[in-house]
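Structural features, examined
Here is how the chains run, residue by residue.
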Amino acid sequence: MSCPEHIVQLIHKYLDGDIPSEDESRLKKHIQSCEGCRKHLHEMEKSIALVQSTSHLTAPANFTANVLANLPKEKRTVSINRWVK
Ligand SMILES: [Zn+2]
């Protein structure tokens, strides 16, 4: 089973967020009846989500520790006591 090339193009347009609403409804109609395109769309969405979640890791690993170390000592003690109670 192969899908029309323009439908595949629509999937990529849809993921780019650059799709006219009439094309979007055409794509959704096709996806409802076509498991291959549904899977393709889900795979693409998964990899996009993965890329977006890993891009958060660009902050240095010790970022939070550095922020805590730079807090005035008094404030640190107060906030820790607050958590302990
Ligand atoms: Zn299809």
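All values derive from a computational prediction rather than experimental measurement.

**With respect to the overall build of the chain**
The number of helices and strands found in the chain is five helices and zero strands. Moving toward the C terminus, one meets the helices and strands of the chain in the order α-α-α-α-α. Here the chain, with 85 residues, has 13% of them falling under the buried criterion. Counting contacts in the chain only where the partners sit at least 6 residues apart, residues at least 24 apart contribute 46% of the total. Element-wise, carbon and sulfur atoms account for 57% of the exposed surface of the chain, whose accessible area totals about 7200 Å².

**Overview of the nonpolar core**
Ile7, Leu10, Ile11, Ile19, Leu27, Ile31, Cys34, Cys37 and Leu41 together form the largest nonpolar core, which totals nine residues. Here this core gets three residues from one element, more than from any other, and that element is helix H1 (residues 5-16).

**Remarks on the coordination of the zinc ion**
With distances of 2.0 to 2.3 Å, the protein atoms coordinating the zinc ion are Cys3 (SG), His30 (NE2), Cys34 (SG) and Cys37 (SG). Because the angles between the four donor atoms bound to the zinc ion fall within 99 to 126 degrees, the donor set is best described as tetrahedral. Each donor residue of the zinc ion belongs to the same chain, and together they define the spacing C-x26-H-x3-C-x2-C.

**Points about helix H2 (residues 21-33)**
End to end, H2 covers 19 Å across 13 residues, agreeing with the expected 18 Å (1.5 Å per residue, within 8%). Buried residues in H2 make contact with H1 and helix H3 (35-54).

**Here's the deal with H1**
With 12 residues, H1 ought to run about 16 Å at 1.5 Å a step, and its terminal C-alpha atoms sit 17 Å apart, in line with that. Within H1 the residues assigned to the buried category are Ile7, Leu10 and Ile11. Along H1, the residues classed as buried sweep out an arc of 105 degrees about the axis, all on the same side. Those residues of H1 that are exposed and angled more than 90 degrees off the buried face are Glu5 and Asp16.

**Focus on the confidence of the model for the chain**
When pLDDT is averaged across the chain, the result is 82; 76% of the residues are at 70 or more. At the low end of the mean pLDDT range in the chain sits helix H5 (residues 73-84), at 60; at the high end sits H2, at 96.

Conventions we followed
The numbers attached to residues start from 1 for each chain and follow its sequence in the written order. It should be noted that, the model being predicted, local features are given only for residues of pLDDT at least 70 and side-chain atom pairs only at 80 or more, the latter also being counted only at that level, while totals for whole chains, interfaces and linings use all residues. As a rule here, side-chain values come from all non-hydrogen atoms in the structure, and water together with hydrogens is ignored. Where helices and strands are cited, they refer to DSSP runs of H or I of at least four residues and of E of at least two residues respectively, numbered from the N terminus. Throughout, exposure labels follow a simple rule: accessible area from a 1.4 Å probe, protein chains only, divided by the maximum for the residue type, with under 20% read as buried, over 50% as exposed, and the rest as partly exposed. Two residues qualify as a contact provided that any one of their heavy atoms is within 4.5 Å of a heavy atom in the partner residue. Computed with a 1.4 Å probe, the accessible areas rest on the Shrake-Rupley method; for each residue, only the protein chains presented here act as cover. What is meant by a nonpolar core is a set of buried Ala, Val, Leu, Ile, Met, Phe, Trp, Tyr and Cys residues, joined one to another through side-chain atoms within 4.5 Å. The donor set covers N, O and S atoms within 2.8 Å of the metal, switching to 3.2 Å for Na, K and Ca, and it leaves out water, so a site may look short of donors. Geometry is assigned from the angles between donors: four donors with all angles from 85 to 135 degrees make a tetrahedral site, four or six donors whose opposite pairs exceed 155 degrees while the rest stay between 65 and 115 make square planar or octahedral sites respectively, and everything else is labelled irregular. Each helix should span, by expectation, one fewer than its residue count multiplied by 1.5 Å. Think of it as the arc spanned by the lines of direction from the helix axis to the C-beta atoms. A residue's pLDDT is the predictor's confidence in that residue, given on a scale from 0 to 100.

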